[in-house]
Amino acid sequence: MVEEKITVTSALGIHLRPAGAMCDAAVKYESHIYFDYGSGKRANAKSVISILASGIKCGEEIVLVAEGVDEVEAVKEVAKAFRASLIDD
């Protein structure tokens, strides 16, 4: 299991563009990829609906987690794509 903390910097929180970027990146990997947020809540990073349903607001933190054969690369690349999608909001 590999994880990375990410603070959501978009004024709009997690909206369609960052959710889509995360999902598009995550589906490329075999690993199970999700993020934990709030108190014990979890969202599937391979599901735009699950990501959007999290309701993450600006300034909140998520913990991106990957478990599987390509977990190291998965966390790195999904986090990179997600952060890049938050720019210019």
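Small disclaimer: the values here were computed from a predicted structure and weren't measured. (Residues numbered from 1 in each chain as written. Predicted model: local features only at pLDDT ≥ 70, side-chain atom pairs only at ≥ 80, totals over all residues. Heavy atoms only, no water.)

A. Summary view of the overall build of the chain. Helices and strands together make up the secondary structure of the chain, namely three helices and four strands. From first element to last, N terminus to C terminus, the chain shows the α and β order β-α-β-β-α-β-α. Compactness check: the chain gives a C-alpha radius of gyration of 11 Å against a globular reference of 12 Å for 89 residues, within 12% of the reference. In terms of principal-axis extent, the alpha carbons of the chain reach across some 35 × 25 × 20 Å. Split into buried and exposed, the 89 residues of the chain put 44% on the buried side. For the chain, the share of sequence-separated contacts (at least 6 apart) that also reach a separation of at least 24 residues comes to 73%. (Helix = DSSP H or I, 4+ residues; strand = E, 2+ residues; numbered from the N terminus. Rg over C-alpha atoms; globule rule 2.2 N^0.38 Å. Buried < 20%, exposed > 50% of the residue type's maximum accessible area, 1.4 Å probe, protein only. Contact = heavy atoms within 4.5 Å.)

B. Seen up close, helix α1 (residues 16–26). Among the eleven residues that make up α1, eight are buried, leaving the element largely enclosed by the rest of the structure. All buried positions along α1 are accounted for by Pro18, Ala19, Gly20, Ala21, Met22, Cys23, Ala25 and Ala26. Packing partners of the buried residues in α1 comprise β2 (32–37), α2 (48–53), β4 (61–67) and α3 (71–85).

C. Inspection of the packing of aromatic side chains at higher detail. By the definition in use, this model includes one aromatic pair. Where phenylalanine 35 meets tyrosine 37, the ring centres are 5.7 Å apart and the plane angle is 50 degrees; that geometry is what we call tilted. (Phe/Tyr/Trp six-rings, centres within 6.5 Å; stacked < 30°, edge-to-face > 60°.)

D. The pattern of salt bridges, seen in detail. Under the defined criterion, the tally for this structure stands at two salt bridges. As a salt-bridge pair, glutamate 4 and arginine 83 come within 2.5 Å of each other at their nearest N and O atoms. Of this pair, glutamate 4 sits in strand β1 (residues 2–7) while arginine 83 sits in helix α3, placing them 79 residues apart in sequence. Residue classification places glutamate 4 among the partly exposed residues on the basis of a relative accessible area of 25%. Taking the relative accessible area as the measure of exposure, arginine 83 reaches 35% and is therefore partly exposed. Where arginine 42 meets aspartate 36, a salt bridge forms, and the shortest distance between an N and an O atom there is 2.8 Å. (Salt bridge = Lys/Arg side-chain N within 4 Å of Asp/Glu carboxyl O.)

E. Up close: the side chain of glutamate 71. As for its placement among the helices and strands, glutamate 71 is situated in helix α3. No salt bridge is formed by the buried glutamate 71; its nearest oppositely charged neighbour, lysine 46, is found at 12 Å. For glutamate 71, the side chain forms a polar contact with the main-chain nitrogen of methionine 1, separated by 3.2 Å. Not counting the four nearest positions on each side in its chain, glutamate 71 is found in contact with Met1, Val2, Ser31 and Ala66. (Lys, Arg positive; Asp, Glu negative; His and termini not counted. Polar contact = N/O pair within 3.5 Å; in protein donor to acceptor, adjacent residues only side chain to side chain.)

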